[in-house]
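Structural overview for review
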Amino acid sequence: MQHNSSNQHTGHQASSYQVRYIESVNEAASLFEALTPAQPFLQLGFWQALEQQHAIGLHTGWQISHILLEDAGRPVAFLPLFIKTHHRGEYVFDHAWADAYARHGLNYYPRLVSSVPFTPVTGQRLLLAQGYQFAEIWPFIFQAIQALATQQQASSWHGLFIDQPLLDFLQTQSDVAIRYHCQFLWRNQAYTQFDDFLAALTAKKRKSIKVERQKIVQQGIQVQWIEGAELTIEDIAFFYQCYANTYYVRGQRPYLTYEFFCQLLQKMPQQILLIKASRDEQGIAAALFFKDDQTLYGRYWGAVEAVDCLHFEVCYYQGIEYAIHQQLKFFDPGTQGEHKLIRGFAPVYTHSVHWLTRPEFMQAVQEFCVQEKDYIDDYYRAALASTPFKQTS
C-alpha cells in the first residue's frame, strides 16, 4: 500500500516523498544496512528472525504495517508499526485507557504500536537516512500514522521506549502526549573487578550481596559464560527449555520459539552471550543476553530447578561481572523490579509517545501524562535516594 504526500516542507523536495506501508522489514533492508545500528534489537537480522519465525505477523496480534518513506525512490525513513488487538509484549500499560473507552461504548482496538516486540529497551524507533532531520520527515510520518488509523478504525498510536533524540523533537509537538516511566540501569564507574563495584556500596548492601553469592557457591553451582560464536545447538536447546519453563509454570505459551533463537545465533552470534548455571555438570538455569559496544542487555531467563538466589546470580551479578570484564559502560537488566535497586542498579527514565484519534480522549491522556509525571518524578527521586552506594561529599 502506498500514498504520495502533497505537503510542502523545507529541506529536501517534499514532492519527491512517497510513503509506503510494508509488510516485511526486508523492503527497508538498504536503509538498515546503510545505518548499521549498533543496538542488536535494531539490526536487520533481529527483525528478520521475528518475521521469519512467526513471532510477529497477522495471526499473532502483531499485524505488520511498517511505514517506509522514500525520497525519489530511495528509502530515507522507517518506523516500525503494528496493528494490535492486545497489549502483550509491550511493557507500557494503557489498560485503563482501554477501560475508559469501553465505559463510553467505544472500541479501543485495534490500536497502532511502534516498538520492538517483546523488548522493553530504549532505542531508535524512527530511523532516518543521513542528511535527513526529524523536523522535515515527521509531518509525513505522522500523516501516514493518521491515515492508517483512519483506514483501520484504530483508536490510537503508541511509540514505546523512544530514544532521546526523538523525545527531544516530539516534546515540541503539541498533538502528542509524552509519558514517563522508570526502569533500572547499572553503570560502570571504571571498575576493574567485581570487588571494585562492591567497594562502592554501603557495608550493609555489600554484605548482603556477598551472602547471596555465597549461597550459590555452597550449593555446588558453577556458572559459565558462553559467547555466541561458541554456542552449540545443545546450548540453545537447554536455554530454550529454561526460557519456556518460565511461561509454562504460569500456564502461558512462550512469545518466542526455539527456531527464533537458532536463527539469531546464525545471524548475529557476536552480539549474544549465554550465562549458564550447572550443578554436577548438569544445567539448571540459563540466561540469554545481548550486547553492543557499550551495553549488555539482560533479556531472557529460565530455570529447571528452583534455587534460592540463583536468579540474582545469573541475571544480575554475573552480568555485572561480565560488563566489568568487557569494559562495557552499561548493563540494562530488563524492565520492572525494584529488587534491582538494592543490587547496584540505579533508576533511569524511559519514555513513550501517544496519540489518540478522539480529541476529548487525547486531551484527557495529555492531562493524565502530566499528572503521572509528578508521581514518576517522586518515585525516581525516592529510588535514587535509596541506591546502595556510599554517599560522597
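Residues numbered from 1 in each chain as written. Predicted model: local features only at pLDDT ≥ 70, side-chain atom pairs only at ≥ 80, totals over all residues. Heavy atoms only, no water.

Remarks on the packing of helix α2 (residues 44-52) against helix α9 (residues 258-267)
- Relative orientation of the contacting elements α2 and α9 amounts to 155°, with a least axis distance of 9 Å. Judged on the interaxial angle alone, α9 and α2 are roughly antiparallel. Crossing hand, α2 versus α9: right-handed. Between α2 and α9, the contacting residues are Gly-45, Phe-46, Gln-48, Ala-49, Leu-50 and Gln-52 on the first element and Phe-260, Gln-263, Leu-264 and Lys-267 on the second.
- In terms of residue class, the contact of α2 with α9 is built from five nonpolar, four polar and one charged. (Axes fitted to C-alpha atoms, helices over the stretch in contact; angles between N-to-C directions. Helix = DSSP H or I, 4+ residues; strand = E, 2+ residues; numbered from the N terminus. Parallel < 35°, antiparallel > 145°, perpendicular 65-115°, else oblique. Left-handed = near helix turned anticlockwise from the far one by under 90°. Contact = heavy atoms within 4.5 Å. Nonpolar A, V, L, I, M, F, W, Y, C, P; charged D, E, K, R; others polar.)

Some details on helix α3 (residues 95-103)
- What α3 keeps buried is the set Trp-97, Ala-98, Ala-100 and Tyr-101. The arc that holds every buried residue of α3, seen down its axis, measures 155°, which confines them to one face. Among the exposed residues of α3, those oriented more than 90 degrees off its buried face are Ala-96, Ala-102 and Arg-103.
- Backbone geometry just downstream of α3 places Gly-105 in the positive-phi region, at approximately 70°. (Buried < 20%, exposed > 50% of the residue type's maximum accessible area, 1.4 Å probe, protein only. Arc of directions from axis to C-beta.)

Some words on the pattern of salt bridges
- In this structure the tally under the stated criterion is 15 salt bridges.
- Residue Glu-321 pairs with Arg-213 through a salt bridge whose shortest N-O separation is 2.7 Å. Placement of Glu-321 in helix α10 (residues 310-325) and of Arg-213 in helix α7 (residues 203-218) is noted, with a sequence separation of 108 residues between them.
- A relative accessible area of 26% means that Glu-321 is categorised as partly exposed. (Salt bridge = Lys/Arg side-chain N within 4 Å of Asp/Glu carboxyl O.)

Quick word on α10
- For α10, spanning 16 residues, the distance from its first C-alpha to its last is 21 Å, which sits close to the expected 22 Å at 1.5 Å a residue.
- Of all bends in α10, the biggest is about 30°, found at Gln-318.
- Among the 16 residues that make up α10, 13 are buried, leaving the element largely enclosed by the rest of the structure. (Expected span 1.5 Å × (residues − 1). Bend = angle between axes of the 7 residues up to and from the residue.)

Digging into the side chain of Asp-332
- Along the chain, the position of Asp-332 falls in strand β15 (residues 330-332).
- An unpaired buried charge is present at Asp-332: no salt bridge exists, and Arg-299, the closest side chain of opposite charge, is 6.6 Å distant. (Lys, Arg positive; Asp, Glu negative; His and termini not counted.)

A word on the confidence of the model for the protein chain
- Of all residues in the protein chain, 95% have pLDDT values of 70 or greater, and the mean over the chain is 94.
- For the stretch residues 4-10, pLDDT sits under 50, and the model shows 17 contacts to residues farther than four places along the chain or on other chains. (pLDDT = per-residue confidence, 0-100.)

Focus: the side chain of His-181
- Mapped onto the fold, His-181 is located in strand β10 (residues 177-187).
- Discounting residues that sit within four places of it in the chain, His-181 has contacts with Val-92, Val-348, Tyr-349, Thr-350, His-351, Ser-352 and Ile-376.

Quick word on the nonpolar core
- Membership of the largest hydrophobic core comes to 97 residues, with the highest contact counts inside it found for Phe-46, Ile-141, Ile-145, Phe-261 and Phe-290.
- For this core, the element with the most residues is helix α4 (residues 134-152), which contributes ten residues.
- Those residues in contact with Phe-290 that sit more than four places away from it in its chain are Pro-40, Phe-41, Phe-46, Leu-264, Met-268, Gln-271, Ile-272, Thr-295, Leu-296, Tyr-297, Arg-299 and Tyr-300.
- In this structure, Val-314, Tyr-316, Tyr-322 and Ala-323 belong to the second largest nonpolar core, which totals 36 residues. (Core = buried A, V, L, I, M, F, W, Y, C linked by side-chain atoms within 4.5 Å.)

Overview of the environment of Gln-152
- For Gln-152, the location among the structural elements is in helix α4.
- When the C-alpha atoms of Gln-152 and Ile-83 are compared, they prove to be 8.2 Å apart, with 69 residues separating the residues in sequence.
- If near-sequence neighbours (up to four positions away) are discounted, Gln-152 is found in contact with Ile-83 and Pro-110.

With respect to the pairing of strand β9 (residues 156-160)
- Within β9, five of the five residues are buried, which leaves the element mostly enclosed by the surrounding structure.
- Covered by surrounding structure in β9 are Ser-156, His-158 and Leu-160 together with Trp-157 and Gly-159, the residues of both alternating faces.
- Inspection of the sheet shows strand β7 (residues 111-114) paired to β9 by three bridges, in the parallel sense. Bridge pairing in β9 places Ser-114 opposite Gly-159. (Pairing = 2+ DSSP bridges.)

With respect to the packing of aromatic side chains
- Scanning the entire structure with this criterion turns up 45 aromatic pairs.
- Centre to centre, the rings of Tyr-243 and Phe-261 are 5.4 Å apart; their planes meet at 75°, and the pair counts as edge-to-face. Placement of Tyr-243 in helix α8 (residues 233-248) and of Phe-261 in helix α9 is noted, with a sequence separation of 18 residues between them.
- Under the relative-accessibility criterion, Phe-261 is labelled buried at 2%.
- With a centroid separation of 5.6 Å and an interplanar angle of 80°, the aromatic rings of Tyr-243 and Tyr-300 are classed as edge-to-face. Of this pair, Tyr-243 sits in helix α8 while Tyr-300 is found in strand β14 (residues 295-303), placing the two residues 57 residues apart along the sequence.
- Lying over the aromatic face of Tyr-247, Arg-250 brings its terminal NZ or CZ to 5.3 Å of the ring centre. (Phe/Tyr/Trp six-rings, centres within 6.5 Å; stacked < 30°, edge-to-face > 60°. Lys NZ or Arg CZ within 6 Å of the ring centre and 35° of its normal.)

Some words on unusual backbone geometry
- The linkage connecting Tyr-109 with the following residue, Pro-110, adopts the cis geometry, with an omega of 0°.
- Note on placement: Pro-110 falls in the loop between α3 and β7.
- Within the chain, Tyr-91 stands out as a residue other than glycine whose phi angle is a positive 70°.
- On the basis of relative accessibility, which here comes to 26%, the residue Tyr-91 falls in the partly exposed class.
- The backbone of Asp-280 sits at a positive phi, close to 50°, despite the residue not being glycine.

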